[in-house]
Amino acid sequence: MDQSPTLTSALRSQSGTGRDALAPLTFLGWRLGLTAIVAGLAASFFLCGYALVYWRNADMDLMVVYNALVLNDGKPQQFFDHTGYVTILSVKAWFEMLHAFGLLGSWSLSTMPPASNPQAFDAAMTDAIRAGRLLAWLTASACVLIFASLIRAVVRDRRLALIATFAFAFSGGIAVHERILRTELVAACPVIFALMILIVVGRRASVARPLWMALAAALCMLGLENKVQAVLLIAALPFLSLPFGGAQGASVAFWRDGRSAFLPALVAVVAAIVAVWMAWPLITTGFDRSLLDAAGFHALLLGRFGIYQLLLLVVIGACLLTYAALWRISAAETVTSMAAVAAGASLALLMLNIDYNANNVIAVFNPLEKMLKFVDAGTSAAASQSSASAIFRLLLDGLASVAARYSFVLHSSPRPTVFITWLIVPGIVYARLRGERQAAIQAFLLLMAAVGIDALGVRRGLKSEYFIFTDPLIILAGALLLDRMPDLRFQKWAYPIALVLFTLQIAISQAEPVKYAFMRRGPESICEWNQYYLPLMPLPWCPAGRS
């Protein structure tokens, strides 16, 4: 809820000014403010995205649309780099629905005109790509609204929640993903939402908390199924959740009473066993050595597959037990929550059966091995040799690169969120000096997770598409600090800083969309990968398409 008049008055008198820095920026209020944010996303999309020539963002638009067309023709998925499973399935279903309503003629590969008829091919592919981009915009808008509802539960003040939502909506990651059919958005957002759910339920105990934890686990698995890079964020989640308990988060009486808690705990354990049993065929396929060898996967540790996956499960269990000890969670609720997490993740795994392909399964179960197939030569060599010194040097190089990027001066990028880090670092120190130890720890862990994930992302160039994995962590860290120290909003320098950040957020986030809108390069570079990624669909401007 909003801050009370009494609290606001106290803050004003304490700070010596009556002006809330966020008030002029949130004058529309919560509902109209959200409407304005969504309208701004729509304006950006339709002005600098929807009408671009269909091959402008071909790096992923063509690949995803092609695979959706292939699936609608009854053929198996052919793109497994990320793996892109959920994105491709959603575009496939979207095309089917649009075709059923008579809004899309070429909805499958067999209905696409041949490349030998360039005009017809261009018209059909333009319709398909624009339909896909519409889905990307709708997905991004939905993610922003979900983020808004969750941040509203995380922080106490609507104005702060609205500003955090604005920062997320106009971050570099959303700016990219609302207009391109990429896989990162549907991978990162479910995991971020899982973290925000854990923050909320950790602070406010309820009988249904294990069910929310099951949902969080399912969201994490959903993200992993779309892009294996989500494993980095998933691995950070158990540690990030630890400092988010509180006095009101201790188990309610229902879970402290052995008689009332026994039956739901038993049901949860049985449900977990059944869910794991249902997912067991997928688990055995995921570690099938013949499939892994055929796919060119190389074990990351000790020449054996499954080691770090087992370690991750142990870490998750240990963090759940540690959390229970720190924040007075009863044994019955802890057992129920652990079972719920196992059940939620296992049930989400079953989504791989919707359009089953073993290549998706082995990638989901061996995400780091899959990622190593696409890193630079130095990283691949260090990983294959298991050289601690080489890995340490790569990590230091990554951290140095991230520091340069966060400075913006040494390495500029279309990422306005870096300016928030300039305030978070001194904010953490200031919070610690003021005695806000828990808030300082929370913000510090979120920022360090962002730095660590970005440092690993440097090995793939830390492209703007990857910002979606860490921008929300930075925004959360800033919001949590300001939520615990609201008097900072009434300082005389607060409004100028807020206004500058607000302006930079809009201007810098839209730099890439505007650049693409005015780009004039041709599609010829697509021919380099056309036959590999689109083997059944020659393109008119490539030699194979003209023959």
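Heads up: the structure comes first, above all this text.
Residue positions are counted from 1 within each chain, in the order its sequence is given. Only residues with pLDDT of 70 or above have their local features reported here, since the model is predicted, and side-chain atom pairs are shown and tallied only from 80 upward, although totals for entire chains, interfaces and linings are computed over all residues. Calculated side-chain values reflect all of the structure's heavy atoms, with hydrogen atoms and water omitted.

Draft legend 1. Broad picture of the nonpolar core. Ranked by internal contacts, the top residues of the largest apolar core, which has 152 residues, are Leu62, Phe95, Met125, Ile151 and Leu473. In DSSP terms, a helix is any run of H or I states spanning at least four residues, a strand is any run of E spanning at least two, and both are numbered starting from the N terminus. Ranked by the residues each element gives to this core, the list is headed by helix H5 (residues 118-154), at 17 residues. In what follows, residue pairs with any heavy atoms lying within 4.5 Å of each other are defined as contacts. Apart from the residues lying within four places of it in its own chain, the contact partners of leucine 473 are Ile192, Leu195, Leu233, Leu240, Leu446, Ala449, Ala450 and Ile453. Grouping buried Ala, Val, Leu, Ile, Met, Phe, Trp, Tyr and Cys residues that are joined through side-chain atoms within 4.5 Å yields what is termed a nonpolar core. Note on classification: 1.4 Å probe, protein chains only; a residue is buried when its accessible area is under 20% of the maximum for its type, exposed when over 50%, partly exposed between these limits.

Draft legend 2. Structural context of the packing of aromatic side chains. Stacked, edge-to-face and tilted are the three classes for Phe, Tyr and Trp ring pairs, Trp counted by its six-membered ring, which pair at centre distances within 6.5 Å; planes under 30 degrees apart are stacked, over 60 edge-to-face, the rest tilted. In this structure the tally under the stated criterion is 17 aromatic pairs. Aromatic side chains tryptophan 55 and tryptophan 541 sit 6.4 Å apart centroid to centroid with 65 degrees between the ring planes, which places their arrangement in the edge-to-face category. One end of the pair, tryptophan 55, is in the loop between helix H2 (29-47) and helix H3 (61-72); the other, tryptophan 541, is in the loop between helix H25 (527-533) and helix H26 (543-546), and 486 residues separate them in sequence. Its relative accessible area of 16% is what places tryptophan 55 among the buried residues. Tryptophan 541 gets classed as buried once you look at its relative accessible area, which sits at 16%. Here phenylalanine 419 and tryptophan 422 contribute two aromatic rings whose centre-to-centre distance is 5.0 Å and whose plane-to-plane angle is 75 degrees, an arrangement assigned as edge-to-face. Here phenylalanine 419 and its partner tryptophan 422 are both found in helix H20 (residues 418-433), three residues apart, which amounts to about one turn of the helix. The exposure class assigned to tryptophan 422 is partly exposed, which follows from its relative accessible area of 43%. Put simply, a charge is over a ring when the Lys NZ or the Arg CZ is close to the ring centre, within 6 Å, and near the line of the ring normal, within 35 degrees. The side chain of arginine 19 reaches across the aromatic face of tyrosine 495, ending 4.1 Å from its centre. If you follow arginine 130 out to its NZ or CZ, it ends over the ring of tyrosine 50, 5.4 Å from the centre.

Draft legend 3. Summary view of the state of the cysteines. Any two cysteine sulfur atoms lying within 2.5 Å of each other are counted as a disulfide. Within the structure shown, the criterion is met by one disulfide. The disulfide partner of cysteine 527 is cysteine 542, and the S-S distance across this bridge is 2.1 Å. Its S-S torsion of approximately -95 degrees makes the covalent link between cysteine 527 and cysteine 542 left-handed. With a gap of 15 residues between them, cysteine 527 in helix H25 and cysteine 542 in the loop between H25 and H26 connect regions that are remote in the sequence. Taking the relative accessible area as the measure of exposure, cysteine 542 reaches 3% and is therefore buried. Of all cysteine sulfurs, the one in cysteine 143 lies closest to cysteine 189, which takes part in no disulfide; the gap is 3.8 Å. Counting only cysteine sulfurs, cysteine 189 is the nearest neighbor of cysteine 220, a cysteine outside any disulfide, at a range of 13 Å.

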